[in-house]
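Each chain, written out:
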Amino acid sequence: MTSVLYDAQGPRAKQRNILYTVLFLLVAAAVVWWLYDSLASKHQLDWIKWKPFFTSSQPWQTYIWPGLQNTLKAAAFALVIALPLGALFGIGRLSDHRWVRMPAGVVVEFFRAIPVLILMITANQAYSEYTTISSESRPLYAVVTGLVLYNASVLAEIVRAGIQSLPSGQTDAAKAIGMRKGQTMLYVLLPQSVTAMLPAIVSQLVVIVKDTALGGWVLTFPELLASVRPMSANYGANTIACFTIVALIYIVVNFALTSFASWLEGRLRRRKKSTGAVVGAGPGGGLETIGAPTLNIDDGRGV
């Protein structure tokens, strides 16, 4: 039996797949057992190391919650600044004017090629030498600056690719009704490309949230991951437990972001498929479109 995409598996192929599945499960179980045995032998799974997270609110109030607040604050600032900046440079790269397109391309390619950590360190040094920003606030400014410069360049490419993915007929139709290029971009192309760009934008937001950890370990920015050091020192060198709790928090936050993006994308797609016409029951029990004139057709038998 065959299908369009692949041939149906025969008896030998099914047996091989079963064998591969069993081998994979055995290897996975061996790795899990080795990991468990290694942690248990070093007393990393002892209840005393995990107890503070389940029996006291102090580690959450003193270390985890303030670190999570700083992480979300830096990520929010970076996204709010980087998203419109990236859209501006992405549209600039599509300009018909060479004097706009070329500088936008140079800026995007330059900052996209530099590691975000170097941008953070450079920004921190620049703020230290050329501004009067206090040493307490400087790490936040440096982290946000590095994230904005790097992610704005990435978002610019996402915007450019999203707009270019639309059929050329959209632009032709806008020109046919007399729209200028700016109006076409603002009212026709950008709204339609949002749905296509949304998954990539949210993926970049997840990257922003995780990259805040670079500022914590290099620039002493008190974000979520940086809370592991003082927390582990205060609760008996329970480093594995602290890292595990922090990792779970990152997973929950990023999963919430991706789930919201999936819901929003589906909602936008459903709105696009809708005709927008609202149909209700007419006075005589028939159907009529709300807001549209009702036509009474006499077929000779009376109304």
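Analysis parameters
- Residues numbered from 1 in each chain as written.
- Predicted model: local features only at pLDDT ≥ 70, side-chain atom pairs only at ≥ 80, totals over all residues.
- Heavy atoms only, no water.
- Helix = DSSP H or I, 4+ residues; strand = E, 2+ residues; numbered from the N terminus.
- Buried < 20%, exposed > 50% of the residue type's maximum accessible area, 1.4 Å probe, protein only.
- Contact = heavy atoms within 4.5 Å.
- Areas by Shrake-Rupley, 256 points an atom, 1.4 Å probe, with all protein chains shown as cover.
- Polar contact = N/O pair within 3.5 Å; in protein donor to acceptor, adjacent residues only side chain to side chain.
- pLDDT = per-residue confidence, 0-100.
- Salt bridge = Lys/Arg side-chain N within 4 Å of Asp/Glu carboxyl O.

Some points on the overall build of the protein chain
Summing up its helical and strand segments, the protein chain has ten helices and two strands in all. The burial tally for the protein chain puts 34% of its 303 residues in the buried class. Taking all contacts inside the protein chain whose residues are at least 6 apart in sequence as the whole, residues at least 24 apart take part in 68%. Element-wise, carbon and sulfur atoms account for 65% of the exposed surface of the protein chain, whose accessible area totals about 19500 Å².

What to know about the side chain of Ser232
On the secondary structure map, Ser232 appears in helix 9 (residues 228-234). A residue is classified by how much of its surface remains accessible, and Ser232, at 8% relative accessible area, is buried. Side-chain polar atoms of Ser232 contact the side chain of Thr239, separated by 3.0 Å.

Considering the environment of Phe111
Position of Phe111 among the secondary structure elements: in helix 4 (residues 98-113). Between the C-alpha atoms of Phe111 and Ala152, which are 41 residues apart in sequence, the distance is 8.6 Å.

Let's talk about the confidence of the model for the protein chain
Summing up the model confidence of the protein chain, the mean pLDDT is 83 and the portion of residues at 70 or higher is 87%. Here strand 2 (residues 287-289) stands out as the least confident element of the protein chain, with mean pLDDT 43; helix 5 (residues 116-130) is the most confident, with 93. Below pLDDT 50 for its whole length, residues 275-282 participates in 13 contacts with residues either more than four positions away or in separate chains. Low confidence marks residues 284-303, where pLDDT is under 50. Its contacts with residues over four positions away, or in another chain, come to 16 contacts.

A look at the pattern of salt bridges
With the rule as written, the count across this model stands at five salt bridges. Salt-bridge contacts for Arg112 lead to Glu109; the nearest nitrogen and oxygen are separated by 2.9 Å. Of this pair, Arg112 and Glu109 both sit in helix 4, separated by three residues, roughly a single helical turn. Among the residues examined, Glu109 registers a relative accessible area of 34% and is labelled partly exposed. The residue Glu157 makes a salt bridge to Arg160 at a minimum N-O spacing of 2.7 Å. Separated by three residues within a single helix, Glu157 and Arg160 lie in helix 6 (residues 138-164), roughly one turn from each other. In the salt-bridge network here, residues are joined through shared partners; they are Arg93, Glu109, Arg112, Glu157 and Arg160.

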